[in-house]
Amino acid sequence: MDSAGDSAFGDGAFIEVDRVEKVFDVRRKTGFLKRERRQVRAVDSISFTVPRGEMVGYIGPNGAGKSTTIKMLTGILTPSGGRLRVAGIDPSRERSRLAHRIGVVFGQRTTLWWDLPLIDSYRLTHRMYRIPDARYRANLDRCVELLELGALLDVPVRQLSLGQRMRGDIAAALLHDPEVLYLDEPTIGLDVVSKARVRAFLRDLNAERGTTVLLTTHDLQDIEQLCSRVMVIDQGRLMYDGPLAGLHEAGESERTLVVDLERELPPIDAPAPARVVRVEGPRQWLAFPAAQSAAPLVARIAAEYPLVDLSVREPDIEAVIAKMYEERATA
Amino acid sequence: MAESSAAGRRVGENRLVDGVRAYRMIAAMWIRSTMAYRASFAMTTLGNFAATALDFVAILLMFSRVDALGGYALPEVAFLYGLSSVSFGLADLAIGSMDRLGRRLRDGTLDTLLVRPAPVLAQVAADRFALRRLGRVTQGALVLAYALWTVDIDWTVPKLLLMPVALVSGAGIFGAVFVAGAAFQFVAQDASEAQNAFTYGGTTLLQYPPTIFGKELVRGVTFVLPLAFVNWLPAAYVLDRPYPLGLPGWVAFTPPVVAVACGALAGLAWRAGLRTYRSTGS
């Protein structure tokens, strides 16, 4: 057992993942009593480190190995190979000890008590984590204020909206002052206002407390507004690890400018690399590199064409990754 | 942070104390959840009482036609029934919801328990703690009281001592079956029905005298799945009856040993099951 503690890594690498793999034995029925055994590499030799206080987005298509990685980092799953440390602790060996130092929010699985007032779930956390009273009260007050939970504390969880419940879940994961917070799809299914509130809170948490945050998401805006760094995983392999802008370059992803003109016109003569990809009556769609600003393009069109309205659509993560994957395949 | 790691170490000190503590906290939460619907609680408790009491009604109906069952008169069968029902009822009340583990495995919610600083077994044992199961314990206790009132027992000190010991040990043996059954669900997630055959089926079996069953079955229930130690053997001693399979008299006092052994085996099975889950995730 490695009990070197935090000092062995200092602030350099709070989360350390070194050639970690997870191989599952999948058994499939191929006939009566006949079974075929097959090995699936859900995580295939992944390495990365996360320094204390960083906010990292962890993205990838469904079944890419995101959840498996998070489960290994939280001690739920034991890795098949490689070395893994969180705050100097081997998660699978010291699951309970690690639990005091991490917070986990599973987006679609609430840990709150359905039939009881919200505050009751927090009281249980208070006792189960043995949080000193003063600290519990301070943390609860802070969460209640910033996540606007004051009016909800006495409401049974089953009566909360999805957004309210998510905020409740995030608060529950933070009462014991975790040094790292894992969020699995924290904004899934939330309305725009709730999303903004959750994001603002996470930004504050990271800035003021220095809490390390690792979040998985399908929402590119989560990453854009929160994460300085993004990791892309596909088929168990780390495809990209760096800033978001670099991901757009690596994936050569494109944003779409949708313009409504006063009347039907021939395709707009846009400066390369922007180009018209679709025309439908007075509405035209232009694609341009995501890493490039939309402003010059908009200015040019506004100057030369009878513009009524316009909007910019961000590329979604799936498209970016798919594009990146194509690049690799053809390279 | 220093405080939280100190707390972490403290938690690691004694898993049993930790487990009991977590169990009590979670069970209390479930009781409060239940009390959010008081009327429903009252109805289901009554329902639990009535449904389990039907088992005894079946026995009463049989005795309306015969005077003895396998050589046991009604008060003696009631004695067997009472011992078995109270033992099983206590185990069922305490950890009967463990058979829902399969559901948690299927929908992935076991993971939410694994990231908490408490033993998983205690959390699963307390999961959906259902106070309505007091209904079964109550009706078992009433039948046992009736038996003690009517049956002709030549009470001695060892017999008096054996009664509570047998009840607690019996609950322990059934509890071990619940834990082992839950552990098996890690491998076969829809095995709760198979488990019910041993738990609910087992207690029904024990409500009748061993003398009406075939030797092979009695042997299996004694040496393979030692349910006979719940009531058949202690009852043979208290009622001065011949022992099944010609076992020696002292076996009537072995239920605590059997319960501890079963508990240890079930604990090992649980650990193996949880290890399987944590390496396969399904």
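All figures in this text were calculated on a predicted structure; none of them were measured in a lab.

**Structural notes on the overall build of chain A**
For step 1, the next point in the chain: Within chain A one finds 10 helices and 13 strands.
For step 2, the next point in the chain: The C-alpha extent of chain A, read off along each of the three principal axes, is 70 × 55 × 50 Å.
For step 3, the next point in the chain: When contacts within chain A are restricted to residue pairs at least 6 apart in sequence, those whose partners lie at least 24 apart make up 70%.
For step 4, the next point in the chain: Accessible surface for chain A amounts to roughly 14,900 Å². Of this, 48% is attributable to carbon and sulfur atoms.
For step 5, the next point in the chain: Between the averaged position of the 45 positive side-chain charges in chain A and that of its 47 negative side-chain charges there is a distance of 8 Å.

**Regarding the pattern of salt bridges**
For step 1, the next point in the chain: Here the structure, examined in full by the defined rule, presents 36 salt bridges over all chains.
For step 2, the next point in the chain: For Arg241 of chain B, the salt bridge identified is with Glu76 of chain B, shortest N-O distance 2.8 Å. Here Arg241 of chain B, found in the loop between helix H12 (232-238) and helix H13 (255-280), pairs with Glu76 of chain B, found in helix H4 (residues 74-95); they are 165 residues apart in sequence, far enough to count as distant.
For step 3, the next point in the chain: In this structure Glu76 of chain B comes out as buried when scored by relative accessible area, which is 12%.
For step 4, the next point in the chain: Because the salt bridges share partners, they merge into one network encompassing Glu21, Arg41, Asp44 and Arg237 of chain A.

**Overview of helix H6 (residues 192-209) of chain A**
Residues and elements named next belong to chain A.
For step 1, the next point in the chain: The end-to-end C-alpha distance of H6 is 25 Å, a good match for the 26 Å that 18 residues give at a rise of 1.5 Å each.
For step 2, the next point in the chain: All of the buried residues in H6 are Ser194, Val198, Arg199, Phe201, Leu202, Leu205 and Asn206. Angular distribution of buried residues about the axis of H6 spans 160°; they occupy a single face of the element. Every exposed residue of H6 that faces more than 90 degrees away from the buried side is listed here: Val192, Val193, Ala207 and Glu208.
For step 3, the next point in the chain: On its buried face, H6 is in contact with strand S3 (55-59), helix H4 (133-146), helix H5 (162-174), strand S6 (180-184) and helix H7 (220-226).
For step 4, the next point in the chain: Capping the start of H6, Asp191 holds a side-chain oxygen 3.0 Å from the backbone nitrogen of Val193, two or three residues further along.
For step 5, the next point in the chain: Phi turns positive, to about 70°, at Gly210, one or two residues after H6.

**Things to note about the nonpolar core**
For step 1, the next point in the chain: One finds Ile15, Val86, Tyr122 and Tyr182 of chain A together with Phe79, Leu110 and Trp270 of chain B to be the most contacted residues of the largest nonpolar core, which totals 166 residues.
For step 2, the next point in the chain: When residues in this core are grouped by element, the largest group, 12 residues, is from H4 of chain B.
For step 3, the next point in the chain: The contact partners of Leu110 of chain B, leaving out residues within four places of it in the chain, are Leu101, Arg104, Leu105, Val120, Val124, Phe186 and Tyr277 of chain B.
For step 4, the next point in the chain: With 12 residues, the next largest nonpolar core counts Val259, Leu261, Ile301 and Tyr305 of chain A among its residues.

**Topic: the sheet that holds strand S13 (residues 307-313) of chain A**
Residues and elements named next belong to chain A.
For step 1, the next point in the chain: Read from one edge of the open sheet, 4 strands run S11-S12-S10-S13, paired in antiparallel fashion. Edge positions in the open sheet fall to strand S11 (275-280) and S13, since each of these has one partner strand only. Neighbour to neighbour, the strand axes of the sheet diverge by 20° on average, direction disregarded.

**As for the domain arrangement of chain A**
When the parts come together, some accessible area is lost, and that loss is often what is quoted as the size of the interface.
For step 1, the next point in the chain: What the domain assignment lists for chain A is domain 1 (6-248) and domain 2 (254-314).
For step 2, the next point in the chain: Between domain 1 of chain A and domain 2 of chain A, the C-alpha centre-to-centre distance is 39 Å.

**Some details on the layout of surface pockets**
For step 1, the next point in the chain: Of the pockets and cavities examined, the largest pocket occupies roughly 1,300 Å³.
For step 2, the next point in the chain: Along its surface, the largest pocket is lined by 39 residues, and Arg15, Pro119, Val120, Leu121 and Trp270 of chain B are the ones closest to its centre.
For step 3, the next point in the chain: Mapped by element, the contributors of at least two residues to the lining of the largest pocket are helix H2 (95-99) of chain A together with helix H1 (2-13), helix H2 (15-34), H4, helix H7 (120-126), helix H9 (157-185) and H13 of chain B.
For step 4, the next point in the chain: Of all the elements, H13 of chain B adds the most residues to the lining of the largest pocket, at 9 residues.
For step 5, the next point in the chain: Split into classes, the residues belonging to the lining of the largest pocket amount to 20 nonpolar, 10 polar and 9 charged.
For step 6, the next point in the chain: As for the second largest pocket, its lining consists of 34 residues, and the residues nearest its centre are Trp30, Arg100, Arg104, Asp127 and Arg128 of chain B.
For step 7, the next point in the chain: Mapped by element, the contributors of at least two residues to the lining of the second largest pocket are H2, helix H3 (38-63), helix H5 (101-107) and helix H6 (110-114) of chain B.
For step 8, the next point in the chain: Element by element, the count of residues in the lining of the second largest pocket is highest for H2 of chain B, at 4 residues.

Calculation rules
In every chain, residue numbers begin from 1 and rise along the written sequence. Each chain takes a letter, starting from A, and each ligand takes a number, starting from 1, following the order in which they are written. For this predicted model, a pLDDT threshold of at least 70 governs which residues receive local features, and a threshold of 80 or more governs which side-chain atom pairs are given and counted, while totals over whole chains, interfaces and linings are taken from all residues. The side-chain quantities take in all heavy atoms of the structure and omit both hydrogens and water. For the purposes of this entry, the term helix denotes a DSSP run of H or I that reaches at least four residues, the term strand denotes a run of E that reaches at least two, and both are numbered from the N terminus. Residues are treated as being in contact if the distance between any of their heavy atoms lies within 4.5 Å. Here the Shrake-Rupley method, with its probe set to 1.4 Å, supplies the accessible areas, and only the displayed protein chains count as covering residues. For the purpose of counting charges, residues Lys and Arg are taken to be positive, whereas Asp and Glu are taken to be negative. His and the chain ends are not included. Here the site of a charge means atom NZ of a Lys, CZ of an Arg, CG of an Asp or CD of a Glu. Here a salt bridge means any side-chain nitrogen of Lys or Arg lying within 4 Å of a carboxyl oxygen belonging to Asp or Glu. Between buried and exposed lies partly exposed: a residue is buried under 20% and exposed over 50% of the maximum accessible area for its type, with that area taken using a 1.4 Å probe on protein chains only. To estimate the expected span of a helix, subtract one from its residue number and multiply by 1.5 Å. To be clear, the arc concerns the directions from the helix axis to the C-beta atoms. Counted as a polar contact is a pair of N or O atoms within 3.5 Å, where, for protein atoms, one must be capable of donating a hydrogen and the other of accepting one, and residues adjacent in sequence contribute only when both atoms are in side chains. Only buried residues count toward a nonpolar core. Its members are Ala, Val, Leu, Ile, Met, Phe, Trp, Tyr and Cys residues joined through side-chain atoms within 4.5 Å. A pair of strands is labelled paired if DSSP reports no fewer than 2 bridges between them. What counts as an axis is a line fitted to C-alpha atoms, over the stretch in contact for a helix, and the angles between N-to-C directions run from 0 to 180 degrees. Residue ranges assigned to the domains are those given by an automatic or database domain assignment. Cavity and pocket criteria rest on a 1 Å grid covering protein atoms alone: a 1.4 Å probe that fits but cannot get out defines a cavity, protein on both sides within 12 Å along at least 5 of 7 lines defines an open pocket, and an atom within 4 Å of a point defines a lining residue. Grid points are joined across faces, edges and corners, and a volume is the space filled by probe spheres set on the points. For this classification, Asp, Glu, Lys and Arg are treated as charged, while Ala, Val, Leu, Ile, Met, Phe, Trp, Tyr, Cys and Pro are nonpolar and the rest, including Gly, are polar.

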